[in-house]
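Chain by chain, the residues:
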Amino acid sequence: MGSGTTLVEAKLLNRNAAGVDINPQSVLISKKNLKFQCETNPKIFAINGNATNLHFIKDNCIDFICTHPPYSNIIKYSKGIEGDISLLSVENFLIEMKKVAEESFRSLKKGKICAVMIGDIRKYGKVIPLGFYIMECFLQAGFVNKEIIIKEQHNCLSTDYWKKQNNNFLLLAHEYIFVFQK
Ligand SMILES: C[S@@+](CC[C@H](N)C(=O)[O-])C[C@H]1O[C@@H](n2cnc3c(N)ncnc32)[C@H](O)[C@@H]1O
């Protein structure tokens, strides 16, 4: 859920929506961002929960999932909240994302779409193809690949820093939106 971007778009599109985030701050920020008047009035829920265990959502009942997980521990979203997967090494992050993929598959209606935005990362000069590892988690959970969308991503907070470092590698300048179907 983060700051609630997806929920804001759901409200504008008159779609009922439930956002989930492990960080209570995210719920507060999202609720604040959702306080605007528009012609639509869908049911929107901002839930403090763990995407690895969506027990409060029944099987086969969701029409569309849109998720944007952390990129392992590249940006840490909390200082130690239990269950925050932005605090995990790649290996442990992937274990948890496998559970997210399984919960997504369980809760989604058959034939419906789960969209996942994620990027690759670089550590000690080497590319870690996190996007493709995540893709594999969702395929293993039972999804099929409907689309792979490449999203250009040029100006991150750290872009200027890395440009000045004069390193012998290319800057990562794209992310993926994997469009999976159940
Ligand atoms: C990349 S951000 C999402 C940003 C969002 N797209 C937006 O527009 O603000 C990733 C989010 O995942 C949350 N998160 C980390 N671990 C989680 C977990 N186990 N379950 C649910 N959310 C989690 C973080 O708190 C963070 O808000």
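Nothing here was measured: the structure is a model prediction, and the numbers come from that model. (Residues numbered from 1 in each chain as written. Predicted model: local features only at pLDDT ≥ 70, side-chain atom pairs only at ≥ 80, totals over all residues. Heavy atoms only, no water.)

### Concerning the nonpolar core
If you look at the biggest cluster of nonpolar residues, it comprises 26 residues, and the most contacted ones within it are Phe93, Met97, Cys114, Leu130, Ile134, Phe138 and Phe180. Looking at which element gives the most residues to this core, the answer is helix α3 (residues 90–107), with 6 residues. Residue contacts for Phe138: discarding those within four places in its chain leaves Met97, Ala101, Ser104, Cys114, Val116, Phe143 and Phe180. Counting 7 residues, the second largest nonpolar core, distinct from the first, contains Leu7, Val8, Val27 and Ala46. (Core = buried A, V, L, I, M, F, W, Y, C linked by side-chain atoms within 4.5 Å. Buried < 20%, exposed > 50% of the residue type's maximum accessible area, 1.4 Å probe, protein only. Helix = DSSP H or I, 4+ residues; strand = E, 2+ residues; numbered from the N terminus. Contact = heavy atoms within 4.5 Å.)

### Observations concerning unusual backbone geometry
A positive phi angle, near 60°, is found at Asn14, a position not held by glycine. By the element assignment, Asn14 lies in the loop between α1 (5–12) and β1 (17–21). With a relative accessible area of 46%, Asn14 lands in the partly exposed category. The backbone of Asn60 shows a phi angle near 50°, a positive value even though the residue is not glycine. Note that Asn60 resides in the loop between β2 (44–48) and β3 (62–67).

### Points about the domain arrangement of the chain
In terms of domains, the chain is made up of domain 1 (1–49) and domain 2 (53–181). Distance between the C-alpha centres of domain 1 and domain 2: 20 Å. Contact with domain 1, which involves 7 residues of that partner, is made by 10 residues of domain 2. For the domain 1 and domain 2 pair, buried surface summed over both sides reaches about 580 Å², with 76% attributable to carbon and sulfur atoms. (Domains from an automatic or database assignment. Buried area = accessible area lost by both parts, 1.4 Å probe.)

### Concerning the site of the ligand
Near the ligand lie 17 residues; those nearest to it are Ser3, Thr5, Asp21, Asn50 and Gly83. Side-chain polar atom of Asn50 to a nitrogen atom of the ligand: 2.9 Å apart, as the coordinates give it. In this structure, Ala51 approaches the ligand through a main-chain N or O atom, which is 3.0 Å from a nitrogen atom. Out of a free accessible area of 610 Å², the ligand has 87% covered by protein chains. Mapped onto the domain boundaries, the shell around the ligand takes at least three residues apiece from domain 1 (1–49) and domain 2 (53–181). (Near = heavy atom within 4 Å. Polar contact = N/O pair within 3.5 Å; in protein donor to acceptor, adjacent residues only side chain to side chain. Areas by Shrake-Rupley, 256 points an atom, 1.4 Å probe, with all protein chains shown as cover.)

### Quick look at the side chain of Asp120
Along the chain, Asp120 turns up in the loop between β4 (108–118) and β5 (121–123). Buried charge Asp120 goes without a salt bridge, the closest partner of opposite sign being Arg122 at 9.1 Å. Reaching out from Asp120, the side chain makes a polar contact with the backbone nitrogen of Leu130 at a distance of 3.3 Å. In this structure the side chain of Asp120 is engaged in a polar contact, spanning 3.0 Å, whose partner is the backbone nitrogen of Gly131. (Lys, Arg positive; Asp, Glu negative; His and termini not counted. Salt bridge = Lys/Arg side-chain N within 4 Å of Asp/Glu carboxyl O.)

### With respect to the packing of aromatic side chains
Counted by the stated rule, this structure contains 8 aromatic pairs. Ring geometry for Phe132 against Phe178: centres 6.3 Å apart, planes inclined by 70°, an arrangement best described as edge-to-face. One end of the pair, Phe132, is in helix α4 (residues 130–140); the other, Phe178, is in strand β8 (residues 174–181), with 46 residues separating them in the sequence. Here the aromatic rings of Phe143 and Phe180 are separated by 5.9 Å at their centres, their planes lie at 40°, and the arrangement is tilted. Residue Phe143 is found in the loop between α4 and β7 (144–152), and its partner Phe180 is found in strand β8; the two are separated by 37 residues along the sequence. (Phe/Tyr/Trp six-rings, centres within 6.5 Å; stacked < 30°, edge-to-face > 60°.)

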